[in-house]
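The primary structure of each chain is shown beneath.
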Amino acid sequence: MNNKKAKQIRKQTRCILVEWLKSLLPEEEANKINASNVLKYIPKDMYYSLSRHLSAYHPKWISNRIKKLLKAFPTLSIKNIDLELIQWMDKNKLSLTMK
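Residues numbered from 1 in each chain as written. Predicted model: local features only at pLDDT ≥ 70, side-chain atom pairs only at ≥ 80, totals over all residues. Heavy atoms only, no water.

Draft legend 1. Just the side chain of Thr13, in detail. Looking at where Thr13 falls in the secondary structure, it is placed in helix 1 (residues 3–24). Look at Thr13 and you get buried, because its relative accessible area is 4%. There is a polar contact of 2.7 Å between the side chain of Thr13 and the backbone oxygen of Ile9. Beyond its immediate stretch of four places on either side in the chain, Thr13 contacts Pro59, Ile62, Ser63 and Ile66. (Helix = DSSP H or I, 4+ residues; strand = E, 2+ residues; numbered from the N terminus. Buried < 20%, exposed > 50% of the residue type's maximum accessible area, 1.4 Å probe, protein only. Polar contact = N/O pair within 3.5 Å; in protein donor to acceptor, adjacent residues only side chain to side chain. Contact = heavy atoms within 4.5 Å.)

Draft legend 2. Representation of the environment of Ser23 in the model. With respect to the helices, strands and loops of the structure, Ser23 is situated in helix 1. For Ser23, a relative accessible area of 52% translates into the label exposed.

Draft legend 3. Structural view of helix 1. Over its 22 residues, helix 1 extends 32 Å from the first C-alpha to the last, a length consistent with the 32 Å expected when each residue adds 1.5 Å. Among the residues of helix 1, Ala6, Ile9, Gln12, Thr13, Ile16, Leu17, Val18, Trp20 and Leu21 are the ones counted as buried. Of the surrounding elements, those touching the buried residues of helix 1 are helix 3 (59–72) and helix 4 (83–91). (Expected span 1.5 Å × (residues − 1).)

Draft legend 4. Here's a closer look at the pattern of salt bridges. For the coordinates displayed, the defined rule picks out one salt bridge. The closest approach of N and O atoms between Arg65 and Asp90, which form a salt bridge, is 3.1 Å. In this pair, Arg65 sits in helix 3 while Asp90 sits in helix 4, placing the two residues 25 residues apart along the sequence. With a relative accessible area of 16%, Arg65 lands in the buried category. (Salt bridge = Lys/Arg side-chain N within 4 Å of Asp/Glu carboxyl O.)

Draft legend 5. Looking closely at a positive patch on the surface. Together, Lys7, Arg10, Lys11 and Lys79 line one region of the surface with positive charge. For Lys79, the position within the fold is in the loop between helix 3 and helix 4. What makes Lys79 exposed here is its relative accessible area of 71%. (Patch = residues over 30% accessible without salt bridge, like charges linked within 9 Å, V, L, I, M, F, W, Y side chains within 5 Å. Areas by Shrake-Rupley, 256 points an atom, 1.4 Å probe, with all protein chains shown as cover. Lys, Arg positive; Asp, Glu negative; His and termini not counted. Charge placed at Lys NZ, Arg CZ, Asp CG, Glu CD.)

Draft legend 6. The packing of aromatic side chains, seen in detail. Scanning all chains against the criterion turns up one aromatic pair. Note on Phe73 and Trp88: the rings are 6.4 Å apart at their centroids and 45 degrees apart in plane angle, and the pair reads as tilted. Of this pair, Phe73 sits in the loop between helix 3 and helix 4 while Trp88 sits in helix 4, and the two are 15 residues apart along the sequence. In this structure Trp88 comes out as partly exposed when scored by relative accessible area, which is 40%. (Phe/Tyr/Trp six-rings, centres within 6.5 Å; stacked < 30°, edge-to-face > 60°.)

Draft legend 7. Representation of the nonpolar core in the model. Residues Ile16, Ile62, Ile66, Ile81 and Ile86 are the most contacted members of the largest nonpolar core, which totals 20 residues. Contributing elements (two or more residues each) for this core: helix 1, helix 3 and helix 4. Examining the composition of this core, we find that six residues originate from one element, helix 1, more than from any other. With sequence-adjacent residues up to four places away left out, Ile66 is seen in contact with Ile9, Gln12, Thr13, Ile16, Ile81 and Ile86. (Core = buried A, V, L, I, M, F, W, Y, C linked by side-chain atoms within 4.5 Å.)

Purely spatial values, then, with no claim about function.
What follows is the structure, encoded as structure tokens:
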């Protein structure tokens, strides 16, 4: 993957994190969250303690899901990937091996 695509994925990851956190919080607290400060509101732990699996909705977990979606649907644009699409992917058990 080239640097340009990786940068777009990181940017979209932050947008999805903001969308997810805003869906969990009340409206007055949700208005405080934006793409520049979203990382302050998520846990620092990347993995579960026992099984070494990535925590759901961690930036690395979301970027892996975006990569899997792009592999499954090559014509899909990174900007069109949102929280609903990632949740759909998990609900339908769309799993592809990352190589």
